Amino acid sequence: MFSIILAISTLLTSWQFRQEPSEQMPDVDTTWHEVTVPHDWAISGAFDRANDLQEVIVVQNGEKEPTWKTGRSGGLPWMGKGHYRTRVTVKKDKFYTLVFDGAMSHADVYVNGEEMVYWPYGYNTFDCYILPHLIESSSVSDQLSEVEIDVFLENKPQQSRWYPGAGLYRNVHLVESHPVHIPTFGICIRTPKVSNEFAQVTIDVELQNGVEEFGVQNTEYRVRTDILFQGKVVAQAEGEHGVAEVSEPQLWSPEAPHLYEARTLVLKGDEIIDQHTTRFGIRSLSYTPENGFQLNGKTRKFKGVCLHHDLGPLGAAIHKDALRHQLTMLKKMGCDAIRTSHNMPAPELVELCDEMGMMMMIEPFDVWNHGKTENDYSKEFNSWWKQDITNMVKHYRNNASVMLWSSGNEVWNQVLPDGIGIVTELQELFHQLDPTRPVTNGMDQAMHVIHNGFGAAVEIPGFNYRTGRYQEAYEYLPQKMILGSETASTVSSRGVYKLPAVIQPDAKYEDNQSSGYDVEYCAWSGLPEQDFQLQDDYPWTLGQFVWTGFDYLGEPSPYDTDAWPSHSSYFGIIDLASLPKDRYWLYRSQWNKEDKTLHVLPHWNWEKGDCVPVFCYTNYPEAELFVNGKSYGRLRFASAEEAERMAKGETISGISRMPKVGEFAIPEWGSAPRPELLPRYRLMWFDVPYKKGKIEVVAYDENGQKAARETIKTAGKPHHLIVEYANADENPEELCYITVKVVDKKGNLCPKADNLIYYTGEGFVAAANGDAACLDRFVEPKMHAFAGQCTFIVKKGSKGTFQADGLKKKYSLHIR
């Protein structure tokens, strides 16, 4: 019989907060406010062109002269100083650790007025002990003390080139333990031998004596680890360096994300003085020129997306329901991997990826010691990179979903003399901390790194764009493997279509929107088909990570240069309101092999005399377009050989013709789209005369039989609202995503409706519409529809009504 003294981790959610005057924000409200952490102090602010207005030269984009970058970091008031304070009651005979999952930024933590830790990088997890003398000095009884915790934060101007958020935007934990305990990140689990018959599991455990502040030497303490699967013990290991063998292991994969638990006990005689439970998965990884990337002995390619850390209208403040909603949408699209660009993720994201079967590339840095903005991480890199990588790798090396690390994104050192030395030193630290996973680097200067030694020094060469240089890289680099570490960067606005549909870079319009035909891109980027083709045709490609899965705050290219009010991205496959763009269905048609896809665009509300291209994204082999019952032809996809013939000018009956092409901005970069590739992956009818009524696309299966159809009708005037509970099947703990649509009398979506929609009732959290140029505040219970739709986020159990300007009918909502 054991007696048990367990470590207890408590979330510190109730804080007081105030802003403090700074050089950039001298006139702020300095009164204390009660807030709930996670908390982003900037997301409730108004959008303003003046917020972090940057005059810079973006060298990565080929710029030679400084320009004004408007909305580059989101147009919200995230700069300045913030102060958080809370008081907690603690026991005098216990030991306490504060763990911060992330604090934006330059966090300075004090307990009872004494500095405990300083950590500048806002994305990393860090911890500190509450020293025993501080507990003793704040006594409130014989057994209890009350300590005061203060956290001072400062965000500097030009600290970021996207929206960083502000404040204690991730969770804060108070861990109560015995003085002899397992410290933060003190457990390392590996599976060096894996087969269907058995798996070897190694468990390395660090013990810390918090009173004497050095490693535990006393032999009276011992460690035991139980390995559990579905609540049952299946193996045991003894000691601080234990080994266990699991028979017939259930392997982790995106299709079957089986998870085990390691329950580690620290014992003193018959007393359990500390206990930690660590989730892990049993799986094998390998990367070789012969077989590419293999998971559990099976070759596969990453079908991944890049994600920034903000959650759209919720800002940077982490919420598990919002993360789950994002991952669910991506999984349904067929996505199986996430790149955390360009920073450490929230622990909740990694936990969900473990549970839901989403592979991960975890990336810490956007810069090394050569910066991109005036006050970015380059100021801290030389002093802090070892500590930041160490915390990150120790934090996530036990997670089954993590497939590889990245040492950085588009770092300018890739073209500098010190680059090879730095990337080598970083990789050595990664492997010292975790020898089981390789390290990549997102390189964008392909014309240099292929030949200057930098690309050869990166363990897994990752290329950001530069699709036209993949073959050259494969021929010259010794690894004989290429990862699409960042791909596409196609730009589009949901539900907005520009005529004619022309492939072109940096297209700009008076309404600050990009065409939903998915044919526009930035001068340095490309279109999805370039990456589809490379992954389909070459076994030495390892997969791709599309920029980006969701739109995010900041970086509003191509409207990034003196183009306010644009203040959020156009790159997302899904927009800022968590509504899919048409591109979602293009990727779904290629990536989701379990479900059939048939998606038709655009809407069918045009002007008389318009000639309108109609596109179809599908994984059926053929489809036929009808306009008011009249056929406009049956099309099939081009083969690789037929696409090459089309590139030489040949017209092939029954295959979509190539779109017209505008000028390529920087063709020497090797990212210019190849129009002949589009007929391999899209069905396209060009110059269809608009006639009011309906368009219908009928899909045919492999036997030539009609298999599915999709119809789009001309919508009448806005008449009423339709409300849909978008994440109902995810059983959210708190947040419910409500899609509100403006429809005509017959229920057809009004594709150009922009009515202002109001929510009246309880439980409102945030609202958004996906329009990168809309200045409606996220925190007010009203939002203009964009392309006929918007999203309201409310708390579970909410009751209220939706009403829109110009529409008489109200819609009542009650979410149980």
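For the structure, see preceding data.
These notes cover the structure that comes with them.

Rules and cut-offs
Each chain has its residues counted from 1, running along the sequence as written. Per-residue local features are limited, in this predicted model, to residues with pLDDT of at least 70; the limit for side-chain atom pairs, both in listing and counting, is 80 or more; totals at the level of whole chains, interfaces and linings are taken over all residues. Side-chain descriptors were evaluated using all non-hydrogen atoms of the structure, hydrogens and water having been removed beforehand. Helix and strand assignments follow DSSP, with helices taken as H or I runs no shorter than four residues and strands as E runs no shorter than two, numbered in order from the N terminus. Based on C-alpha atoms, the radius of gyration is set beside the globule rule, defined as 2.2 Å times the residue count to the power 0.38. When a residue's accessible area, from a 1.4 Å probe over protein chains only, is under 20% of the maximum for its type it is buried; when over 50% it is exposed; and in between it is partly exposed. Here, residues are in contact when the closest pair of their heavy atoms is within 4.5 Å. By the convention used here, strands pair only if DSSP detects at least 2 bridges between them. Any pair of Phe, Tyr and Trp rings, taking the six-membered ring for Trp, is counted once the centres come within 6.5 Å. Such a pair is stacked with planes under 30 degrees apart, edge-to-face with planes over 60 apart, and tilted for the rest. Charge over a ring is defined by NZ of Lys or CZ of Arg lying within 6 Å of the ring centre and within 35 degrees of the ring normal. Here an axis means a line fitted to C-alpha atoms, over the contact stretch when the element is a helix, while the angle between two N-to-C directions is reported on a 0 to 180 degree scale. Just so you know how the angles are binned, under 35 degrees is roughly parallel, over 145 roughly antiparallel, 65 to 115 roughly perpendicular, and the rest oblique. Residues are grouped as follows: Ala, Val, Leu, Ile, Met, Phe, Trp, Tyr, Cys and Pro are nonpolar; Asp, Glu, Lys and Arg are charged; all remaining types, including Gly, are polar. For this analysis, a salt bridge means a side-chain nitrogen from Lys or Arg found within 4 Å of a carboxyl oxygen belonging to Asp or Glu. An expected span of 1.5 Å times one less than the residue number is assigned to each helix. Disulfides are defined as cysteine sulfur pairs within 2.5 Å. As used in this structure description, the phrase polar contact means that two N or O atoms lie within 3.5 Å; if the pair is within protein, one of them must be able to donate a hydrogen and the other to accept it, and residues adjacent in sequence are counted only when both atoms belong to side chains.

Structural notes on the overall build of the protein
On a plain count of helices and strands, the protein comes out with twelve helices and 53 strands. Relative to a compact globule of 816 residues, whose C-alpha radius of gyration would be 28 Å, the protein shows 27 Å and is just as compact. Along the first, second and third principal axes, the C-alpha atoms of the protein reach 85 × 60 × 55 Å. Burial status across the protein gives 62% buried among its 816 residues. For the protein, contacts bridging at least 24 residues in sequence account for 69% of all contacts bridging at least 6.

Some remarks on the pairing of strand β52 (residues 799–804)
On β52, burial follows the alternation: Gly-800, Phe-802 and Ala-804 on one face are buried, whereas Lys-799, Thr-801 and Gln-803 on the facing-out side are not. Taken together, the five bridges between strand β48 (residues 756–761) and β52 define a ladder with antiparallel strand orientation. For Gly-761, the partnering residue across the bridge sits in β52 and is Gly-800. Alignment of β52 against strand β53 (residues 811–814), held across four bridges, turns out to be antiparallel. In the sheet register, Gly-800 faces β53, and the bridge partner there is Leu-813.

Observations concerning the packing of aromatic side chains
All told, the structure shown has 43 aromatic pairs when counted by the stated rule. Centre to centre, the rings of Trp-547 and Tyr-552 are 5.7 Å apart; their planes meet at 80 degrees, and the pair counts as edge-to-face. Residue Trp-547 shares its accessibility class with Tyr-552, and that shared class is buried. Members of the aromatic cluster, connected to one another through ring pairs, are Tyr-121, Tyr-123, Phe-365, Trp-368, Tyr-377, Phe-381, Trp-385 and Phe-454. Across the ring face of Tyr-474, the terminal group of Lys-480 is positioned such that the distance to the ring centre comes to 5.1 Å. Arg-657 extends its terminal NZ or CZ atom over the ring of Phe-686, reaching a point 4.0 Å from the ring centre.

Concerning the packing of helix α9 (residues 528–537) against helix α10 (residues 582–591)
Between α9 and α10, whose axes approach to 12 Å, the crossing angle comes to 10 degrees. In terms of axis orientation, α9 runs roughly parallel to α10. Counted together, Pro-528, Glu-529 and Phe-532 of α9 and Arg-583, Leu-586, Tyr-587, Gln-590 and Trp-591 of α10 form the full contact between these two elements. The residue inventory of the contact of α9 with α10, partitioned by class, reads five nonpolar, one polar and two charged.

A closer look at the pattern of salt bridges
Applying the stated criterion across every chain, the model contains 42 salt bridges. Among the ionic pairs, Arg-645 bridges to Glu-650, the shortest N-O distance being 2.6 Å. Across the pair Arg-674 and Glu-676 runs a salt bridge whose closest N-O atoms are separated by 2.8 Å. One network of salt bridges, with partners in common, ties together Arg-85, Arg-87, Glu-148 and Asp-150.

As for the pairing of strand β47 (residues 735–743)
Summarising burial for β47: eight of the nine residues are buried, a large majority. Both strand β46 (residues 720–725) and β47 contribute to a ladder of six bridges, which runs antiparallel. Paired with Leu-721 across the two strands is Val-742, which belongs to β47.

Some details on helix α4 (residues 381–396)
With 16 residues, α4 ought to run about 22 Å at 1.5 Å a step, and its terminal C-alpha atoms sit 21 Å apart, in line with that. Residues of α4 that are buried: Phe-381, Trp-384, Trp-385, Asp-388, Ile-389, Asn-391, Met-392, Val-393, His-395 and Tyr-396.

Here's the deal with the state of the cysteines
Covalent bonding between the sulfur atoms of two cysteines defines a disulfide. Considering all chains together, one arrives at zero disulfides under this definition. Cys-774 takes part in no disulfide bond, and the closest cysteine sulfur, belonging to Cys-790, lies 9.6 Å away.

Here's the deal with unusual backbone geometry
The residue after Met-104, namely Ser-105, is reached through a cis peptide bond having omega -10 degrees. Within the secondary structure layout, Ser-105 lies in the loop between β8 (95–100) and β9 (107–111). Across the junction of Leu-499 and Pro-500, the peptide omega takes the value -5 degrees, indicating a cis bond. Tracing the chain through its elements places Pro-500 in the loop between β34 (490–491) and β35 (502–505).

Side note on the environment of Glu-114
Looking at the secondary structure, you find Glu-114 in strand β10 (residues 114–119). According to the relative accessible area criterion, Glu-114 is partly exposed, its value standing at 31%. Distance from Glu-114 to Tyr-559, taken between C-alpha atoms, is 47 Å for residues 445 residues apart in sequence. A distance of 3.2 Å separates polar atoms of two side chains, one belonging to Glu-114 and the other to His-133.

Details of the packing of helix α2 (residues 320–333) against α10
Interhelical geometry of α2 versus α10 gives an angle of 55 degrees and a closest axis separation of 8 Å. Between α2 and α10, the crossing angle belongs to the class labelled oblique. Taken together, the residues of α10 that come into contact with α2 (itself represented by Met-329, Lys-332 and Met-333) are Tyr-584, Tyr-587, Arg-588 and Trp-591. Of the residues that constitute the contact of α2 with α10, the class distribution is five nonpolar, no polar and two charged.

Some thoughts on the sheet that holds β34
Sheet architecture is open: four strands sit in the order β34-β36-β35-β42, paired in mixed fashion. Each of the sheet's edge strands pairs with one partner strand only, and the pair in question is β34 and β42 (660–661). Sheet analysis places β35 next to β42, joined by two bridges and oriented parallel. Residue Val-502 lies in a different strand from β42, and its bridge partner there is Lys-660.

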